[in-house]
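Observations on the model geometry
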Amino acid sequence: MTEAIALLAGGDRETWWTVATSLRFSVFSTLFAILPGVPLGATLFLGRFKGKRVAVALVNAVMAVPTVVVGLFVYSFISRSGPLGALGLLYGPGGVILGQAVLAFPLVAAMSYTGLQKLDPRYSETLLTLGAGPWRRMTAIIKEGRYVIVQSVLAAFGRVTGEVGVSMMLGGNIRWYTRTMTTTIALDASKGEFERALSLGLVLLAIALAVNFLSHLAVRDDR
Amino acid sequence: MTADARPAGTARDGEAFFVKSLSFRYERRVAVRCEGLRIRIGEAVAFIGPNGSGKTTMLKLLNGLIGPFDGSIAFLGRPISHNPDLRRRSVYVHQHPVLFAGTVRDNLDYALRLKRIPKSDADRRVEEATERFGLGGLLKREAGRLSGGETQRVAVARAVAAGADVLLLDEPTSSMDAESEIAVRALLLELRRSGSTLLFSAHDEGLVKELSDRIVRFDDGRATSDNQGDLE
């Protein structure tokens, strides 16, 4: 443990590079997950159609898909013979970011939907009865539910920061290129080299605690 | 939509709503069932019945706020789905209406912006609504700080300013002090005199007698009109 802390405190270049790379991937993948995820959550919340319960159940079910299955699914698309193979995303940052975005997207959508349900239903009904169009209602409801949206975004960020299957499968764990905190931990622990694994574990723990703390603050602000 | 798209043999001149074989389920339970109901333009119709009997659900169904449902609901001769007149001319007002953040004036302006009414016309409408509903002293007040009666008056004024002449009101005078109730009741009577179509749920017998042309009774989700013509 002392060596692990020394690695962090001493500013070990590779350790901090790995932290920065993980955070960079997580930020971009979360952003790409928000873009379709929040509107989908809001649409499920506002929409009235037959089969809505099935649609919501489907989004929730997809959320539970294991990360390696998501990785495998995206792999089939971005591998050389896949439909997106020409983009050269496999074993590069783009592949990891895409895979993590696919992983986080249903989480953002499902949590946004669940969170928005806590809002006063009279708000969206008032917008509808006064003639607000679908776009106006969606933007207004997202604005009104911004605190629950923030919670879903933080949860997605925490999920992609802590996942290992997608990063390993689509990034290839290439040193100074696609190696993330979790893939480093998996590799170093398998080699019996625990110092860096422990140091990165501490950073992951700090991120998880910070995400939960901020999420809790968002709930308080919502009240 | 063309006249051909109307449900065959349902549209009559001067008819605001026509409901036929309506059934709406909520969590596997029939929340509203109505064999037939015709509401004419300019009519004031009271929905009465015990709590939980389906009055509010029916008002929301008529305004297209909830669904999907079995059967048909037509507004001004056309099905309410994809009927632009529904949003243009009818507004549902909650028992405890929601006013948006900002002042009363902001609320009126916002409703008119939602309807894409040009600024000059919007200003004129706000002035008219202010005068008509006696909101002069309230315009600059924060909407969140109004009393229940003031909130109800602003919500109705907002709807009328936005062009609604068909109002669906859920318990418009409930939980109010006597002074507010008198003010809201006067407002509703003025709307009735001016030809607006009013559908409202109420427990207050005095309000029902004073305001309504006729009554639709609700009992455990079943709506029964006192007008035989509704079923024809």
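Presented here is a report on the structure given in the accompanying data block. Residue indices begin from 1 for each chain and proceed along its sequence in written order. The order in which chains are written sets their letters, starting at A; the order in which ligands are written sets their numbers, starting at 1. Only residues with pLDDT of 70 or above have their local features reported here, since the model is predicted, and side-chain atom pairs are shown and tallied only from 80 upward, although totals for entire chains, interfaces and linings are computed over all residues. Working from all heavy atoms in the structure, the side-chain values ignore hydrogens and water.

To continue, consider the packing of helix 5 (residues 148–161) of chain B against helix 6 (residues 178–193) of chain B. For any two helices packed against each other, one specifies the crossing angle of their axes together with the interaxial distance. Residues and elements named next belong to chain B. As a packed pair, helix 5 and helix 6 sit with axes 8 Å apart at the nearest point and diverge in direction by 20 degrees. Relative to helix 6, the element helix 5 lies roughly parallel. The way helix 5 lies across helix 6 gives a crossing that is left-handed. Along its contact with helix 5, which presents Gly 149, Gln 152, Arg 153, Val 156 and Val 160, the element helix 6 presents Ser 180, Ala 183, Val 184, Leu 187 and Leu 191. Orientation is described by lines fitted to C-alpha atoms, with helices fitted over the stretch in contact, and by angles between N-to-C directions that extend from 0 to 180 degrees. Secondary structure follows DSSP: runs of H or I at least 4 residues long count as helices, runs of E at least 2 residues long count as strands, and numbering of each begins at the N terminus. To sort the angles, those under 35 degrees are grouped as roughly parallel, those over 145 as roughly antiparallel, those from 65 to 115 as roughly perpendicular, and the leftovers as oblique. The sense of a crossing depends on the near helix, which, turned anticlockwise from the far helix by less than a right angle, makes the crossing left-handed and, turned clockwise, makes it right-handed. Contacts are assigned to residue pairs with any non-hydrogen atoms lying within 4.5 Å of each other.

With that settled, consider the interface of chain A and chain B. In this assembly, 15 residues from chain A lie in contact with 24 residues from chain B. Criterion for a salt bridge: a side-chain nitrogen of Lys or Arg within 4 Å of a carboxyl oxygen of Asp or Glu. Between the two partners, chain A and chain B, sit 1 salt bridge. A salt bridge links Lys60(B) to Glu125(A); the nearest nitrogen and oxygen atoms lie 3.1 Å apart. For the purposes of these results, a polar contact is taken to be a pair of N or O atoms within 3.5 Å, where, inside protein, one atom must be able to donate a hydrogen and its partner to accept one; residues adjacent in sequence count only when each atom of the pair is a side-chain atom. Here chain A and chain B share 9 residue pairs in polar contact (both at pLDDT 80 or more) between them.

A separate point is the pairing of strand 10 (residues 222–225) of chain B. Residues and elements named next belong to chain B. By the alternation rule, side chains of strand 10 split into Ala 223 and Ser 225, which are all buried, and Arg 222 and Thr 224, of which none is buried. Strands were regarded as paired on the criterion that DSSP finds at least two bridges between them. Of the pairings in the sheet, the one linking strand 9 (residues 214–219) to strand 10 comprises 4 bridges and is antiparallel in character. If you follow Val 216 over to strand 10, its bridge partner there is Ser 225. Connecting strand 9 to the antiparallel partner strand 10 that follows it, the hairpin turn spans 2 residues, and Asp 220 within it adopts a positive phi of roughly 50 degrees. The cut-offs for exposure are 20% and 50% of the maximum accessible area for each residue type, with area from a 1.4 Å probe on protein chains only; residues under the lower value are buried, those over the upper are exposed, and the others partly exposed.

Turning our eyes to something else, we now look at the pattern of salt bridges. The full count for this structure, using the stated rule, is 24 salt bridges over all chains. We note a salt bridge from Glu14(A) to Arg175(A), for which the minimum N-O separation is 2.8 Å. Linking Glu14(A) in helix 2 (residues 13–46) with Arg175(A) in the loop between helix 9 (165–171) and helix 10 (181–191), this pair joins segments that are 161 residues apart in sequence. Its relative accessible area of 10% is what places Glu14(A) among the buried residues. On the accessibility criterion, Arg175(A) (48% relative accessible area) is partly exposed. Across the pair Arg38(B) and Glu15(B) runs a salt bridge whose closest N-O atoms are separated by 2.8 Å. Of this pair, Arg38(B) sits in strand 2 (residues 29–40) while Glu15(B) sits in strand 1 (residues 15–26), and the two are 23 residues apart along the sequence. Put simply, Asp12(A), Glu14(A), Arg175(A) and Arg196(A) are held in one network by salt bridges that share partners.

Further remarks concern the side chain of Thr180(A). Residue and element names in this part refer to chain A. Relative to the helices and strands, Thr 180 resides in the loop between helix 9 and helix 10. Classification of Thr 180 as buried rests on a relative accessible area of 3%. Excluding residues that lie within four positions of it along the chain, Thr 180 makes contacts with Thr 18, Ser 22, Phe 25 and Ser 167.

With that settled, consider the pairing of strand 9 of chain B. Across 4 bridges, the pairing between strand 3 (residues 44–48) of chain B and strand 9 of chain B is parallel. For Ile48(B), the partnering residue across the bridge sits in strand 9 of chain B and is Arg217(B).

Right, let's get into the packing of aromatic side chains. Between 30 and 60 degrees the pair is tilted, below 30 it is stacked and above 60 it is edge-to-face, where a pair is any two Phe, Tyr or Trp rings, Trp via its six-membered ring, whose centres lie within 6.5 Å. This model, assessed by the stated rule, comprises 6 aromatic pairs over all chains. Here the aromatic rings of Phe73(A) and Phe77(A) are separated by 5.1 Å at their centres, their planes lie at 55 degrees, and the arrangement is tilted. A residue pair is termed a helical-turn pair when its members lie 3 or 4 positions apart in one helix, as Phe73(A) and Phe77(A) do in helix 4 (residues 67–78) at 4 residues. Here the aromatic rings of Phe100(B) and Tyr110(B) are separated by 5.0 Å at their centres, their planes lie at 75 degrees, and the arrangement is edge-to-face. Taken together, the residues span a long stretch of sequence, with Phe100(B) in the loop between strand 6 (90–93) and helix 3 (104–114) and Tyr110(B) in helix 3 at a distance of 10 residues. With respect to burial, Phe100(B) and Tyr110(B) carry one shared label: buried.

On to the nonpolar core. All names here are of chain B. We call a set of buried residues a nonpolar core when its members are Ala, Val, Leu, Ile, Met, Phe, Trp, Tyr or Cys and they connect through side-chain atoms within 4.5 Å of each other. The biggest cluster of nonpolar side chains holds 76 residues, and the ones touching the most others in it are Phe 133, Leu 167, Leu 169, Leu 188, Leu 191 and Phe 200. Not counting residues up to four positions away in its chain, the partners in contact with Leu 169 are Leu 59, Val 93, Val 156, Leu 188, Leu 198, Leu 199, Phe 200 and Ser 201. Counting 31 residues, the second-largest nonpolar core is a separate cluster that includes Ala 16, Met 58, Val 216 and Ala 223.

Moving on: unusual backbone geometry. Residues and elements named next belong to chain B. In the segment running from Gly 67 into Pro 68, the intervening peptide bond is cis, with an omega of 0 degrees. Here His 82, not a glycine, exhibits a phi torsion of approximately 55 degrees, which is positive. Of note, His 82 is situated in the loop between strand 5 (78–79) and helix 2 (84–89). With relative accessibility at 71%, the residue His 82 sits in the exposed group. Here Glu 171, not a glycine, exhibits a phi torsion of approximately 45 degrees, which is positive.

To continue, consider helix 6 (residues 121–129) of chain A. Taking burial as the measure, the 9 residues of helix 6 of chain A include 7 buried ones, the bulk of the element. Looking at helix 6 of chain A, one finds that the buried residues are Tyr123(A), Ser124(A), Glu125(A), Thr126(A), Leu127(A), Leu128(A) and Thr129(A).

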